[in-house]
Amino acid sequence: MTVRPSSGVLPSGENKRQFVRELFDDLAPRYDLGNRLISLGLDQGWRRAAVEALGLAPRSLVVDLACGTGDLSRMVETLGSLAVGIDLSFPMLRAGGRRGGLVQADAGALPVASGSIDGVVCGFALRNFADLSQVFREAARVLRAGGRVVLLEVDVPRNPLFRMGHGIWFGLVVPALGFVLGRHASYRYLGASFAYLPSREDLFGMLRAAGFGDIRLRSLSWGLVQLISATRLEPF
């Protein structure tokens, strides 16, 4: 990787976009293994809950934003819909082993026709977008009226005991795991990237401004993960 945050300051703007792309290019070969270890195997259940929250009819067309190696896309297809995975990192797309339904692109400028998609999912990537409001505007643009978006993201537990354990896990264990996997700097960033998370009020505000309504948040696994769902409103 050539782009690194300096002096403990997380990157922003175009520098963040470049940094994130290079980071996930670097993580791609062992990304799935890292996910299973960090989540203690719970991540697949979270992804299933996200796809079920879409509530779409079979054979619906779903875009998986920042799809990575395609875990969420595969879950979409297992539950009866069609998935198109979009990611900025080509090595991540290649590492997933899928033969089709993949596009290398920026989530803030989707190469997808307006109103052509039934659902949008995104798993654990909100912290990594350079312009989250723009990503939500693009999701709203490609969705038909009444289409659904479901976002999975980490969260900080409200319970003091779980919050303490969460801090130890991401502050100490995850960087140590990165060291074992040979990607210490990258996993240290993943722990620090919680600072990018907007408040729930700001997140809901961005979704409303993009054209979404019926916005709901559900906590999973004692508040470790948040599942946000919303519906594309009719254009004014």
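Residues numbered from 1 in each chain as written. Predicted model: local features only at pLDDT ≥ 70, side-chain atom pairs only at ≥ 80, totals over all residues. Heavy atoms only, no water.

**So, the overall build of the protein**
Per the secondary structure count, the protein includes nine helices and seven strands. Over its C-alpha atoms the protein spans a radius of gyration of 17 Å, differing by no more than 12% from the 18 Å that the globule rule assigns to 236 residues. Taking the principal axes of the C-alpha coordinates as reference, the protein spans close to 45 × 40 × 35 Å. Considering the protein as a whole, with its 236 residues, one finds that 49% of them fall into the buried category. In the protein, the share of contacts with a sequence separation of at least 24, taken over all contacts with a separation of at least 6, comes to 65%. As displayed, the protein has an accessible area near 11,100 Å², and 57% of this comes from carbon and sulfur atoms. Here the protein contributes 27 positive and 21 negative side-chain charges, whose respective centroids are spaced 3 Å apart. (Helix = DSSP H or I, 4+ residues; strand = E, 2+ residues; numbered from the N terminus. Rg over C-alpha atoms; globule rule 2.2 N^0.38 Å. Buried < 20%, exposed > 50% of the residue type's maximum accessible area, 1.4 Å probe, protein only. Contact = heavy atoms within 4.5 Å. Areas by Shrake-Rupley, 256 points an atom, 1.4 Å probe, with all protein chains shown as cover. Lys, Arg positive; Asp, Glu negative; His and termini not counted. Charge placed at Lys NZ, Arg CZ, Asp CG, Glu CD.)

**Let's talk about the packing of helix α6 (residues 132-142) against helix α9 (residues 200-210)**
Their axes nearest at 8 Å, the elements α6 and α9 cross at an angle of 40°. Judged by the inter-axis angle, α6 sits oblique to α9. Judged by the sense of rotation from one axis to the other, the crossing of α6 with α9 is right-handed. Contacts between α6 and α9 involve L132, S133, F136, R137 and A140 from the first element and L203, M206, L207 and A210 from the second. Considered class by class, the residues forming the contact of α6 with α9 number seven nonpolar, one polar and one charged. (Axes fitted to C-alpha atoms, helices over the stretch in contact; angles between N-to-C directions. Parallel < 35°, antiparallel > 145°, perpendicular 65-115°, else oblique. Left-handed = near helix turned anticlockwise from the far one by under 90°. Nonpolar A, V, L, I, M, F, W, Y, C, P; charged D, E, K, R; others polar.)

**Structural notes on the packing of aromatic side chains**
Tallied over the full model, the rule gives five aromatic pairs. Relative to Y196, the ring of Y189 lies with its centre 6.4 Å away and its plane at 55°, an arrangement referred to as tilted. Taken together, the ring pairs connect F19, Y189 and Y196 into an aromatic cluster. Positioned above the aromatic ring of Y196, the side-chain terminus of K16 is 3.4 Å from the ring centre. (Phe/Tyr/Trp six-rings, centres within 6.5 Å; stacked < 30°, edge-to-face > 60°. Lys NZ or Arg CZ within 6 Å of the ring centre and 35° of its normal.)

**Some remarks on the confidence of the model for the protein**
Here the protein averages 90 in pLDDT, and 95% of its residues register 70 or above. Taken together, the stretch residues 1-7 has pLDDT below 50 and engages in 15 contacts with residues farther than four places along the chain or on a different chain. (pLDDT = per-residue confidence, 0-100.)

**What to know about the sheet that holds strand β3 (residues 102-104)**
The strand order across the open sheet built from seven strands is β3-β2-β1-β4-β5-β7-β6, with neighbouring strands paired in mixed fashion. Each end of this open sheet is capped by a strand with a single partner; those strands are β3 and β6 (212-220). The sheet shows a mean angle of 20° between the axes of neighbouring strands, taken without regard to direction. Docked against the sheet, helix α4 (residues 71-78) engages β1 (61-65), β2 (82-87) and β4 (117-123), running at close to 170° with respect to β2. This element, α9, spans β5 (143-154), β6 and β7 (225-232) of the sheet and lies at about 150° to β6. (Pairing = 2+ DSSP bridges.)

**A word on the pairing of β5**
Walk down a regular strand and you will see the side chains alternate between the two sheet faces. Burial analysis of β5 places nine of its 12 residues in the buried class, the great majority of the element. As paired strands, β4 and β5 are joined by six bridges and run parallel to one another. Considered in β5, the bridge of G119 is made with R148. One crossover worth recording links β4 to the parallel β5 by way of α6, and it is right-handed. With seven bridges connecting them, β5 and β7 associate as antiparallel partners. When the sheet's bridge partners are listed, L152 is paired in β7 with L227. (Right-handed = clockwise from strand over helix to strand, strands pointing away.)

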